[in-house]
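# Chains, contacts and geometry: an overview
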Amino acid sequence: MATQLHSARSTPGITPWRWLSRPLAVATGTLALLAAMPAAALAEGTVQRAARTGQLVLSGFANVPPLMVVGPQGQPSGYGLLVADRIAAELSQAVAKPVTVRFAPIADPASLVGSITKGQADLACGVPFSWELDMQVDFSLPIGLSGLRLLAPAGRFDGSAAALAGRKIAVVRQSLAQTELKGMQPKATAVPFDNLPAAVAALKAGGVDGVVGDTLVLAGLMRQQGLQGLALTPEFPYEAYAVSCVLAENDSAFRNLVNLAIARMLLGYLDGQPDTVAAVNRWLGPGSAAGLPEATIRASFEAVLLGVETIRPIPADQAAPTAR
């Protein structure tokens, strides 16, 4: 199957206007371009490093379902790893050799950023956009949509920002939640933690009144730990946002491949490719840690892909003939 641009066509269950995106040329020949440049003029990028080592290093927290879960034997899994595996597959094709993902867990948000900027890791997936973070790393095409909500005992809060005044609210330090809590309710007392599992543990112990954090991760922790009597409010997030992968700044060759891999995965889900639908639903769909309806996943993927070209695999015998 050769991947080529294909004319827009109607696909059952998918909004027709999504296919009206203007055709753009898919970048190829990245390695050839890099090889043509003088070695002294170019520091080793992620694509070159993957070609040399056969590895793609993924940074992130070890227990933030559905993004990442580490099993009893130390084996990582999760939606973030799924995305990284798809990126590694794209890299494998680009460098013409196998590339596998190695997970490098971190303990706090500062370590995550540092692992990318210092070259200790190649990317981290499931990160909300912030202007401050964008000054240090580059963001990929989003891998989904989420938002900030409050986890607390059911009935304790009415979902309004006003109700947070005078309350002790747990947040992850140096996170979007910490910044937004200060902005939307300066009279709340923010209690910082290194990660959301630690914040949820403090809520269970009665040390804080609630936890403001990422909706998907909070829902995942509730299901994973079988927490009872807790609720996520408000019905619509305090702030909705896209979550993406982050990578080192100014590494456009790698970023191009990352975006292409993400686009292929989201399109595969929308097109009903069985392996992609099953892989995504395992972590985001009904019965998963996130528990999202398929219609919600499809809508979020549709929104992400509004600004990019549709890529279609077509049979090799239907490919345009090569010019002689």
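Look up: the structure comes first, before these words.
Residues numbered from 1 in each chain as written. Predicted model: local features only at pLDDT ≥ 70, side-chain atom pairs only at ≥ 80, totals over all residues. Heavy atoms only, no water.

Packing of helix α3 (residues 79–95) against helix α9 (residues 252–270) leaves a shortest axis separation of 9 Å and a crossing angle of 120°. Relative to α9, α3 is oriented oblique. Like other packed secondary-structure pairs, α3 and α9 cross with a definite hand, here right-handed. Facing α3, whose interface residues are Y79, L82, V83, R86, I87, E90, L91 and A94, α9 presents F254, L257, V258, L260, A261, I262, R264, M265 and L266. Considered class by class, the residues forming the contact of α3 with α9 number 14 nonpolar, no polar and three charged. (Axes fitted to C-alpha atoms, helices over the stretch in contact; angles between N-to-C directions. Helix = DSSP H or I, 4+ residues; strand = E, 2+ residues; numbered from the N terminus. Parallel < 35°, antiparallel > 145°, perpendicular 65-115°, else oblique. Left-handed = near helix turned anticlockwise from the far one by under 90°. Contact = heavy atoms within 4.5 Å. Nonpolar A, V, L, I, M, F, W, Y, C, P; charged D, E, K, R; others polar.)

Here we take up the nonpolar core. Residues Y79, V83, I87, L151 and F254 are the most contacted members of the largest nonpolar core, which totals 96 residues. Counting residues per element, this core draws most heavily on α9, at 13 residues. Setting aside residues up to four positions removed in sequence, F254 forms contacts with T46, V47, L56, I87, L91, D122, L123 and L247. (Core = buried A, V, L, I, M, F, W, Y, C linked by side-chain atoms within 4.5 Å. Buried < 20%, exposed > 50% of the residue type's maximum accessible area, 1.4 Å probe, protein only.)

At the junction of P65 and P66, the peptide bond is cis and its omega measures out at 5° in the coordinates. Structurally, P66 is set in the loop between β3 (63–64) and β4 (68–70). Following T233, the chain continues to P234 via a peptide bond in cis, the omega torsion being -5°. With respect to the helices and strands, the residue P234 is situated in the loop between β13 (230–233) and β14 (239–248).

Judged by relative accessible area, P234 falls into the buried class, the value being 15%. Contacts of P234, omitting those with residues within four sequence positions, involve R149 and G159.

As a further point, take the packing of aromatic side chains. A complete count under the given rule lists three aromatic pairs for this structure. Aromatic pair F129 and W131: ring centres 4.9 Å apart, planes at 85°, arrangement edge-to-face. With a relative accessible area of 62%, W131 lands in the exposed category. Here Y269 and F301 contribute two aromatic rings whose centre-to-centre distance is 5.4 Å and whose plane-to-plane angle is 80°, an arrangement assigned as edge-to-face. Of this pair, Y269 sits in helix α9 while F301 is found in helix α11 (residues 294–304), placing the two residues 32 residues apart along the sequence. What makes Y269 buried here is its relative accessible area of 2%. On the basis of relative accessible area, F301 is assigned to the buried category, the value being 1%. Members of the aromatic cluster, joined through ring pairs, are F129, W131 and F139. (Phe/Tyr/Trp six-rings, centres within 6.5 Å; stacked < 30°, edge-to-face > 60°.)

With that settled, consider the sheet that holds β4. With antiparallel pairing, the three strands of this open sheet are ordered in space as β3-β4-β5. Each edge of the sheet is formed by a strand with only one pairing partner; in this case those strands are β3 and β5 (76–77). Pairing of β4 with β5, which is carried by two bridges, proceeds in the antiparallel orientation. Among the inter-strand pairings, V70 is bridged to a residue of β5, identified as P76. (Pairing = 2+ DSSP bridges.)

Looking now at the layout of surface pockets. Leftover empty space is mapped by rolling, across the atoms, a probe with the size of a water molecule. Roughly 900 Å³ of volume is contained in the largest pocket. Secondary structure elements with two or more residues in the lining of the largest pocket: β2 (55–60), α3, α4 (109–117), β7 (123–128), α5 (131–134), α6 (176–184) and β12 (210–214). The biggest single contributor to the lining of the largest pocket is β7, with five residues. Taken together, the residues that form the lining of the largest pocket break down as 24 nonpolar, eleven polar and two charged. (1 Å grid on protein atoms, 1.4 Å probe; cavity = no way out; pocket = protein on both sides within 12 Å on 5 of 7 lines; lining within 4 Å. Points joined across faces, edges and corners; volume = space filled by probe spheres on them.)

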